[in-house]
Amino acid sequence: MAYLTLNGINKIYPNGFHAVHDFNLEIEKGEFIVFVGSSGCGKSTTLRMIAGLEDISKGELLINGVRANDIGPREREVAMVFQSYALYPQMTVYDNLAFGLQLQGVDEDEIEVKVQRVAKILGLTDYLDRMPRALSGGQRQRVAVGRAIIRRVGIFLMDEPLSNLDAKQRVTMRAEIAQIHRETGATTIYVTHDQTEAMTLADRIVVMKEGYIQQVGTPYELYFQPANLFVAGFIGEPPMNFIRATVSGGSIRINGRPYDLRGKLGEKAADYEGKDIYFGFRPEAVVLGKQPGAYVMDAKVELTEMLGDNTNVYVDIGDVNAILKVNPHDAPEMDADISFSIPVESTYLFDAETEMVI
Ligand code: ADP
C-alpha cells in the first residue's frame with residue numbers, strides 16, 4: 001500500500017476558480033517527489049491540501065491508508081518549509097530549532113540531543129549561538145529546513161525553498177537537500193518551477209499545467225519519453241525543437257524536402273495520412289554534418305551563443321527555426337550554410353490536434 005494516496009483531488013477556491021483537477025498520485029515511503037510547472041499551475045495549492053492548510057474540495061487524501069481530509073495540519077505528521085523561511089529574529093539558531101519541540105513540551109535534554117543531531121546534519125553546529133541576522137541566506141535556509149526535520153515527521157513538504165537564494169547558493173543547497181533526504185529518508189514533496197531542481201532532486205516528477213497533471217515519471221522518463229508536447233517542451237534546456245508538418249505518403253516535408261517517417265514513427269504514419277503532426281528533436285541530439293541513416297537538414301546560421309560548455313546555434317531551416325546545441329570547438333560561423341543530422345531514434349512525433357506523443 002502506498003504511504004500517501006491522492007485520489008481524484010480537486011481544489012475549487014471560494015471565488016469559484018478551479019485550481020486543481022482530478023489529481024491522482026500514489027507516493028511510496030521515502031520517495032522524493034517534485035511537483036513542477038509554470039507559476040499558477042496549482043503546485044502550491046496541491047501541496048497545501050496535503051499539508052492540511054487548504055480544504056480539499058473533492059477527492060480523498062490517504063496517509064498510511066487512513067483518510068486524512070478532515071485531520072488538522074498538526075495531526076497529519078507533515079512538516080513544511082516555505083519560500084520565505086521566517087525565522088524568529090530575536091532567537092538564536094539553537095532556539096529557532098528547539099522552539100517547536102519546546103512548545104510540544106519535550107524534555108530539554110531530549111531537545112538538546114535532537115538539536116545537536118539536526119545541526120550536525122545541516123552543518124550548523126558552529127552557528128547555534130548566532131542570531132539569524134548574522135547568517136548567510138543559505139545558512140538561514142538550512143535553519144528553516146532544520147526546524148522542519150527536527151520533528152521527525154513522516155512527510156516533509158517544501159514549497160520553492162530555494163527561491164530566495166542566489167544562483168550559487170541554490171546549487172549548493174540543492175545538493176544539501178538531496179543529502180538531507182538520503183540521511184533522513186523522509187518522504188518528501190517538493191514544489192518548484194525550476195526544471196533543473198526537479199530533474200536533479202526527484203525520484204519522480206509530476207509535471208503540471210493549468211491544474212492538470214501532464215505526466216508523472218522519473219527524470220529519465222520525462223526527458224526521453226515525454227507524454228505530450230507540453231512535457232517535451234518543458235523539460236530540457238534549450239527546449240525541444242518542434243516543426244509542424246503534414247503527413248503525405250508516409251513522409252513529411254520540411255523546407256520543401258520530403259523526409260520518410262521511419263522506425264516507430266513510420267509504423268504509425270499511415271494513421272496520420274493527410275494530418276498535421278509536430279516533428280520534434282532536442283537541440284543536443286543533433287550532429288553537425290551529414291550522417292548516413294539520419295534525418296539530414298540544411299540550414300542557415302542566424303545566431304550563435306557561446307556558453308562555455310556548449311554553444312547554442314540558432315538556425316533557419318527555410319520557413320522554420322531551430323536551436324542546435326553543439327560543442328563550442330565545432331560551432332559554425334554566423335550566416336554559414338550548414339547541414340546537420342538528427343539520428344532517427346532521437347526524433348519524436350506529436351499529434352498536432354491532441355498534442356500527445358505518437
Ligand atoms: P503554483 O504554486 O503552481 O504557482 P498555485 O497553486 O499557487 O500555483 O495557484 C494555482 C491557481 O490558483 C493560480 O491561478 C492562483 O491564482 C489561484 N489561487 C491561489 N490561491 C487562490 C485563492 N485563495 N483564491 C482564488 N484563487 C487562488
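Look above for the structure.
The present account deals with the structure reproduced in this document. Since the structure is predicted, the reported quantities are computational estimates derived from the model, not experimental observations. (Residues numbered from 1 in each chain as written. Predicted model: local features only at pLDDT ≥ 70, side-chain atom pairs only at ≥ 80, totals over all residues. Heavy atoms only, no water.)

## Here we look at helix 3 (residues 108-122)
Two residues of an α-helix separated by three or four positions point the same way, owing to the 3.6 residues in each turn. Applied cut-off: Each helix corresponds to a stretch of at least 4 residues labelled H or I by DSSP, and each strand to a stretch of at least 2 residues labelled E; elements are numbered beginning at the N terminus. One less than the residue count of a helix, multiplied by 1.5 Å, gives the span that helix is expected to have. Only heavy atoms enter the contact rule, under which two residues are in contact if any of them lie within 4.5 Å. Pairing of N or O atoms within 3.5 Å defines a polar contact, subject to two protein rules: one partner must be a possible hydrogen donor and the other a possible acceptor, and residues neighboring in sequence count only if both atoms are side-chain atoms.
Counted at 1.5 Å a residue, the expected span for helix 3 with its 15 residues is 21 Å, and the 21 Å between its end C-alpha atoms agrees. For helix 3, the elements touching its buried residues are helix 2 (93-103), helix 4 (137-149) and helix 5 (167-184). For helix 3, the capping residue at the N-terminal end is Asp 107, with a side-chain oxygen 3.1 Å from the backbone nitrogen of Asp 109. The positive-phi residue at the C-terminal boundary of helix 3 is Gly 123, with phi of around 65°.

## A word on the sheet that holds strand 12 (residues 251-254)
Our working definition: Pairing between strands is defined by DSSP: at least two bridges between the two strands are required. Simply put, an axis is a line fit to the C-alpha atoms, just over the touching stretch for a helix, and the angle between two N-to-C directions goes from 0 to 180 degrees.
If you trace the five strands from one edge of the open sheet to the other, you get 13-12-11-14-20, paired in antiparallel fashion. The sheet terminates laterally at strand 13 (257-260) and strand 20 (347-351), the two strands that pair on one side only. Strand-to-strand, the axes of this sheet are offset by a mean angle of 40°, without reference to chain direction. Looking at chain direction, strand 11 (residues 241-248) and strand 14 (residues 276-281) are connected through six bridges and run antiparallel. Residue Ala 245 lies in a different strand from strand 14, and its bridge partner there is Ile 277.

## As for the packing of aromatic side chains
This is how the line gets drawn: Two aromatic rings, drawn from Phe, Tyr or Trp (for Trp, its six-membered ring), form a pair once their centres lie within 6.5 Å of each other, and the interplanar angle then sorts them: stacked below 30 degrees, edge-to-face above 60, tilted otherwise. Burial status follows relative accessibility: with a 1.4 Å probe on protein chains alone, a residue under 20% of its type maximum counts as buried, one over 50% as exposed, and anything between as partly exposed.
Evaluated as defined, the whole model comprises 13 aromatic pairs. The interplanar angle of 65° and the centroid separation of 4.9 Å between the aromatic rings of Tyr 88 and Phe 99 together place this pair among those described as edge-to-face. One end of the pair, Tyr 88, is in the loop between strand 6 (78-81) and helix 2; the other, Phe 99, is in helix 2, and 11 residues separate them in sequence. Judged by relative accessible area, Tyr 88 falls into the partly exposed class, the value being 36%. With a centroid separation of 6.2 Å and an interplanar angle of 55°, the aromatic rings of Phe 279 and Phe 281 are classed as tilted. Note on Phe 281: relative accessible area 0%, which makes it buried.

## A few points about the environment of Tyr 127
Tracing the chain through its elements places Tyr 127 in the loop between helix 3 and helix 4. Owing to a relative accessible area of 22%, Tyr 127 belongs among the partly exposed residues under this scheme. Taking the C-alpha atoms as reference, Tyr 127 lies 8.7 Å from Thr 92; in sequence the two are 35 residues apart. Beyond its immediate chain neighbours, meaning those up to four positions away, Tyr 127 contacts Val 93, Leu 135 and Gln 139.

## Quick word on the nonpolar core
Stated precisely, the cut-off is as follows: By convention a nonpolar core is built from buried Ala, Val, Leu, Ile, Met, Phe, Trp, Tyr and Cys residues, the set being connected through side-chain atoms within 4.5 Å.
Val 34, Leu 97, Val 115, Val 145, Phe 156, Ile 177 and Tyr 190 are the most contacted members of the largest nonpolar core, which has 46 residues in total. One finds Ile 252, Tyr 272, Met 297 and Ile 342 within the second-largest nonpolar core, a separate group that totals 31 residues.

## Quick look at the site of the ligand
The following threshold applies: Residues are classed as near a molecule or strand on a simple rule: at least one heavy atom within 4 Å of it. Using the Shrake-Rupley algorithm and a 1.4 Å probe, accessible areas are obtained, with residue cover drawn only from the displayed protein chains. Classes in brief: Ala, Val, Leu, Ile, Met, Phe, Trp, Tyr, Cys and Pro nonpolar; Asp, Glu, Lys and Arg charged; the others, Gly included, polar.
Around the ligand, the neighbouring residues are Tyr 13, Asn 15, Phe 17, Ala 19, Ser 38, Ser 39, Gly 40, Cys 41, Gly 42, Lys 43, Ser 44 and Thr 45. With respect to the ligand, the backbone of Gly 42 contributes an N or O atom lying 3.0 Å from an oxygen atom. Between Ser 44 and the ligand, the recorded distance is 2.8 Å, taken from a side-chain N or O atom to an oxygen atom. For the ligand, the protein covers 63% of the area, taking 570 Å² as the surface of the free molecule. A per-class count over the shell around the ligand returns four nonpolar, seven polar and one charged.

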